[in-house]
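In case you want the letters, here they are:
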Amino acid sequence: MLNGTRKIFNVMYSNQVIDLKNGGSADGTPVVGYANYTQGVNEHQSWFVQVLEMDAQGNNITVRLTNNGTGTYMRAEPETLGSGVFGSHVATKWTLVKQNNMGQYMIQGQEGELVCTLVSDVSMTQITLAVPNDSDNRQLWVLVDN
C-alpha cells in the first residue's frame, strides 16, 4: 500500500464511509459512519493514509489517518472496549490488518487489542472499538482511492 487519499468503506454496510460528524474540526469530534456522498467530493469523507511501516507481506500496515477536510487525525483515547473514535490534532498510529485477498482490513488501535467497528447502518453512528472478531463484517473496511 502506498500513501494516498482514500475513502474508507465499511464491508457490512457498504454505503457507509468513515466521516467526521458535521465536518467538525474540534478535538473530540466523533468519527462516524455516514452515507457515501457521490455528487462530487466531500473532503470530510476523504482520509490521507500515511504509511509509516509495513511487514514484508503487506498484512500489517502501520498508518496515520488524516481527514482531508480538517487536517485532524483519527484517534481513540483511551483505547477501551466500546469507546468512541474521534478527530484530534494529536497524531495517532493505527494498524491495517489484512483479512483476506479482497482488500479488506481491520483497523486496529495502536495498543493492538481492539479494532474499529460500525454497529449500525444509520448515518452519524459513531465508530467504536471492539474485540476483533473475524466473522463480524462490521469490523472490516475497504480503502478506495479517492
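What comes next is a walk through the structure. Predicted model, so just to flag it, every value in this text is computed and none were measured.

**Observations regarding the pairing of strand β5 (residues 60–67)**
At step 1: Of all 8 residues making up β5, 6 are buried, and the element is well covered by its neighbours.
At step 2: Where strand β4 (residues 47–54) lies against β5, 7 bridges are found, and the strand directions are antiparallel. The residue of β5 that forms the bridge with Glu53 is Thr62.
At step 3: The turn linking β4 back onto β5 is made up of 5 residues, and Gly58 within it adopts a positive phi angle of 75°.
At step 4: The pairing of β5 with strand β8 (residues 94–98) spans 4 bridges and is antiparallel. In the strand pairing of β8, Thr62 is matched with Thr95.

**Quick word on the pairing of strand β13 (residues 141–145)**
Two faces, one strand: in a regular strand the side chains alternate between the faces of the sheet.
At step 1: Relative to β13, strand β1 (residues 4–10) is paired through 5 bridges, and the arrangement is antiparallel. Bridge pairing links Ile8 to Leu143 in β13.

**Description of unusual backbone geometry**
At step 1: Look at the link from Glu77 to Pro78: it is a cis peptide, with omega at 0°.
At step 2: Within the secondary structure, Pro78 is located in the loop between β6 (73–75) and β7 (86–88).
At step 3: Its identity as a non-glycine residue notwithstanding, Asn22 has a phi of 55°, on the positive side.
At step 4: Structurally, the position occupied by Asn22 is in the loop between β2 (16–20) and β3 (31–35).

**Structural notes on the pattern of salt bridges**
At step 1: On inspection of all chains with the given rule, the structure shows 3 salt bridges.
At step 2: Asp145 serves as the salt-bridge partner of Arg6, at 3.1 Å between the closest nitrogen and oxygen. Taken together, the positions of Arg6 in strand β1 and Asp145 in strand β13 put the pair 139 residues apart, joining distant regions of the chain.
At step 3: When its relative accessible area of 8% is taken as the criterion, Arg6 is described as buried.
At step 4: Between Glu77 and Arg75 there is a salt bridge, with the nearest N and O atoms lying 3.8 Å from each other.

**Thoughts on the nonpolar core**
At step 1: Of all hydrophobic cores here, the largest spans 25 residues; its most connected members are Ile18, Leu65, Met74, Val85, Trp94, Ile107 and Cys116.
At step 2: Among the elements of the structure, β2, β4, β5, β8, β9 (104–108) and β13 are those that each provide at least two residues to this core.
At step 3: With residues up to four places along the chain from it excluded, the contact list for Ile107 reads Ile8, Ile18, Leu65, Met74, Trp94, Thr95, Leu96, Leu114, Val115, Cys116 and Trp141.

Quick notes on the rules
Residues numbered from 1 in each chain as written. Predicted model: local features only at pLDDT ≥ 70, side-chain atom pairs only at ≥ 80, totals over all residues. Heavy atoms only, no water. Buried < 20%, exposed > 50% of the residue type's maximum accessible area, 1.4 Å probe, protein only. Helix = DSSP H or I, 4+ residues; strand = E, 2+ residues; numbered from the N terminus. Pairing = 2+ DSSP bridges. Salt bridge = Lys/Arg side-chain N within 4 Å of Asp/Glu carboxyl O. Core = buried A, V, L, I, M, F, W, Y, C linked by side-chain atoms within 4.5 Å. Contact = heavy atoms within 4.5 Å.

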